[in-house]
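The chain contents come next:
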Amino acid sequence: MLNLWPIRVPRPSVFSLNLPREMVSSMRYGGMRRGPMAPTLVWTATFACFVASAGYVQPQETSVDEWNRNWRYYASVRIRCQSYDFDAEIDADFTRILKEYRVPGTFDRRSIRICEAGLSDGSAPEVPFAFSPNPDFDPTFNARGKLQFRVTRGVSDRTFHVYFDLLENGEKPLVSYGAPQASGNWLSNGSFEDLDAKTSSLVDWPFERRNAVKAVTGAARTGTVSVQLLSPKSGQAASLGIPGNGAFRVVSGEKYRLSFWSRGEDTNDRPLLVTAYWYDLSRKYSGHELMAEEGRSHWDWSVFSGNLVAPPEAEWLRFYIATYTTSGGVWIDDVCLTPEKLPRLSDLTIIEHNLAPVIVVEPNE
Ligand SMILES: [Ca+2]
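Residues numbered from 1 in each chain as written. Predicted model: local features only at pLDDT ≥ 70, side-chain atom pairs only at ≥ 80, totals over all residues. Heavy atoms only, no water.

With that settled, consider the pairing of strand E11 (residues 238–242). Burial runs high along E11: five of the five residues are buried. Burial of the side chains of E11 extends over both faces: Ala238, Leu240 and Ile242 are buried on one face and Ser239 and Gly241 on the other. Across five bridges, E11 lies against strand E17 (residues 316–323) in antiparallel orientation. Within E17, the residue paired with Ser239 across the bridge is Ala322. (Buried < 20%, exposed > 50% of the residue type's maximum accessible area, 1.4 Å probe, protein only. Helix = DSSP H or I, 4+ residues; strand = E, 2+ residues; numbered from the N terminus. Pairing = 2+ DSSP bridges.)

Shown next, in the form of structure tokens:
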């Protein structure tokens, strides 16, 4: 895998330059604090489906062509893709977009289909998805939920068409993609459970020995694998770069949330630091923010969650979770990164169907 960035190991001088030690150590797990430098911290394939037709049910493959023939609407959603495959999550508010275009009716939850649009070869591949309706979902007044689907790696924004219809236009067949694959995490393999079958190394987390980080089994928070950080030498950091593969593409001014679980055992030096690094369009380093530092030497699995806003000119983001401990160790699991504002549906398109031939019946004399 291509590693976009030289691994930067945060050094103590970087932090002492910018933040008084007292302030840094006041940002601990367990509270909500703000500092001048600190962001807000909150610790805490083709597929088969069944089409009912003329009183019987038969399996039938569906496709964009068929949706264009039989469905009445699609909306677009743009997603900033990454240098790795990930499961995107979007805010699918069908009521809002129908209202915006003054279309009355009852949303048919079974009718959702997704395809990728705007591909240079003109194809529009189907995209498996999972739809989770909001708790107060109502097909007429609040047809809203989260749509999760896989976005494969790429270099630019990508457009997806979300097809749907109203019950008034005839109920559509429910489609099943098997077990939901999506997790709503903009990182790939954030729980470290996906291992390469040949090499047994973690998919999308190509660790380098000099970073003193390795996958371990038996001490995980969830599943069986977590990542252990242990510095080999006093004054040197062990550090986990996030995402594992390169950097994360951001939109300047947008807010992002990083969360992960950590556990520390018998640490003897700066147990845990979380730092965000920003890079510009040309992938040059443009600044960093210390998000938190753990002060305890020993702690059980605790969740960290921190928000930060992409500064002007920022195009890429990379986090480092680091420790200076040379004894015990720090374990990390379930790393998750999401944009606060999920992509939304836009540009409702009403598909005009050819009208059936009109047979004019002359009234009887
Ligand atoms: Ca795990």
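Our focus in this paragraph is the pairing of E17. With eight of eight residues buried, E17 is to be regarded as a mostly interior element. What you see with E17 is no split at all: Trp316, Arg318, Tyr320 and Ala322 on one side and Leu317, Phe319, Ile321 and Thr323 on the other are buried throughout. For strand E12 (residues 248–249) and E17, the ladder comprises two bridges, and the chain directions are antiparallel. By the bridge assignment for E17, Arg249 is matched with Trp316. Sheet analysis places strand E14 (residues 272–279) next to E17, joined by seven bridges and oriented antiparallel. Considered in E17, the bridge of Trp278 is made with Leu317.

Read from one edge to the other, the open sheet built from four strands follows the order E5-E8-E3-E19, with strand pairing classed as antiparallel. Looking at strand neighbours, the two that pair on one side only are strand E5 (113–117) and strand E19 (346–350), the edges of this open sheet. Neighbour-to-neighbour, the strand axes of this sheet turn through a mean angle of 30°, independent of strand direction. By the bridge criterion, eight bridges tie strand E3 (residues 73–80) to strand E8 (residues 157–164) in an arrangement that is antiparallel. Looking at E8, one finds that Tyr74 is bridged to Tyr163. (Axes fitted to C-alpha atoms, helices over the stretch in contact; angles between N-to-C directions.)

What follows covers the side chain of Asn245. Within the secondary structure, Asn245 is located in the loop between E11 and E12. On the basis of relative accessibility, which here comes to 5%, the residue Asn245 falls in the buried class. Within the local environment of Asn245, its side chain forms a polar contact with the side chain of Asp204, the two groups lying 2.8 Å apart. (Polar contact = N/O pair within 3.5 Å; in protein donor to acceptor, adjacent residues only side chain to side chain.)

One pass over the structure, following the stated rule, counts 20 aromatic pairs. Taking the centre distance of 6.2 Å and the plane angle of 75° together, the rings of Phe131 and Phe137 count as edge-to-face. Across the pair, Phe137 and Phe131 agree in class, each one buried. Grouping aromatic residues by their ring pairs yields a cluster made of Tyr73, Phe94, Phe107, Phe131, Phe137 and Phe164. Here Arg221 stacks its cationic end above the ring of Trp261, 3.7 Å away from the centre of that ring. (Phe/Tyr/Trp six-rings, centres within 6.5 Å; stacked < 30°, edge-to-face > 60°. Lys NZ or Arg CZ within 6 Å of the ring centre and 35° of its normal.)

The biggest cluster of nonpolar side chains holds 69 residues, and the ones touching the most others in it are Phe94, Leu147, Phe149 and Leu240. Counting only domains with at least three residues in this core, you end up with domain 1 (12–43 + 187–339) and domain 2 (59–184). (Core = buried A, V, L, I, M, F, W, Y, C linked by side-chain atoms within 4.5 Å. Domains from an automatic or database assignment.)

Scanning the model with the defined rule gives 19 salt bridges in all. A salt bridge links Arg78 to Asp157; the nearest nitrogen and oxygen atoms lie 3.8 Å apart. Note that Arg78 is positioned in strand E3 and Asp157 in strand E8, a separation of 79 residues in sequence. Arg78 sits in the exposed class, given a relative accessible area of 52%. Judged by relative accessible area, which is 31%, Asp157 ranks as partly exposed. Between Arg210 and Glu208 there is a salt bridge, with its nearest N and O atoms 3.1 Å apart. A residue is classified by how much of its surface remains accessible, and Glu208, at 28% relative accessible area, is partly exposed. Overlapping salt bridges bring together Arg78, Arg80, Asp157, Arg249 and Glu315 as one network. (Salt bridge = Lys/Arg side-chain N within 4 Å of Asp/Glu carboxyl O.)

Once that is clear, we can look at the coordination of the calcium ion. Every protein donor of the calcium ion is listed here as Ser191 (O), Glu193 (OE), Thr222 (O), Val225 (O), Asp333 (OD) and Asp333 (OD), and their distances to the metal cover 2.3 to 2.7 Å. Each of the six donor atoms bound to the calcium ion contributes to angles spanning 49 to 163°, and the resulting shape is irregular. For the calcium ion, the single-chain donor residues occur in sequence as S-x1-E-x28-T-x2-V-x107-D. Of the two residues, Ser191 sits in the loop between E8 and strand E9 (213–217) while Thr222 sits in the loop between E9 and strand E10 (225–229), which places them 31 residues apart along the sequence. Residue class for Thr222 comes out partly exposed when judged on its relative accessible area of 28%. (Donors = N, O, S within 2.8 Å, 3.2 Å for Na, K, Ca; no water. Tetrahedral: all angles 85-135°; square planar, octahedral: opposite > 155°, others 65-115°.)

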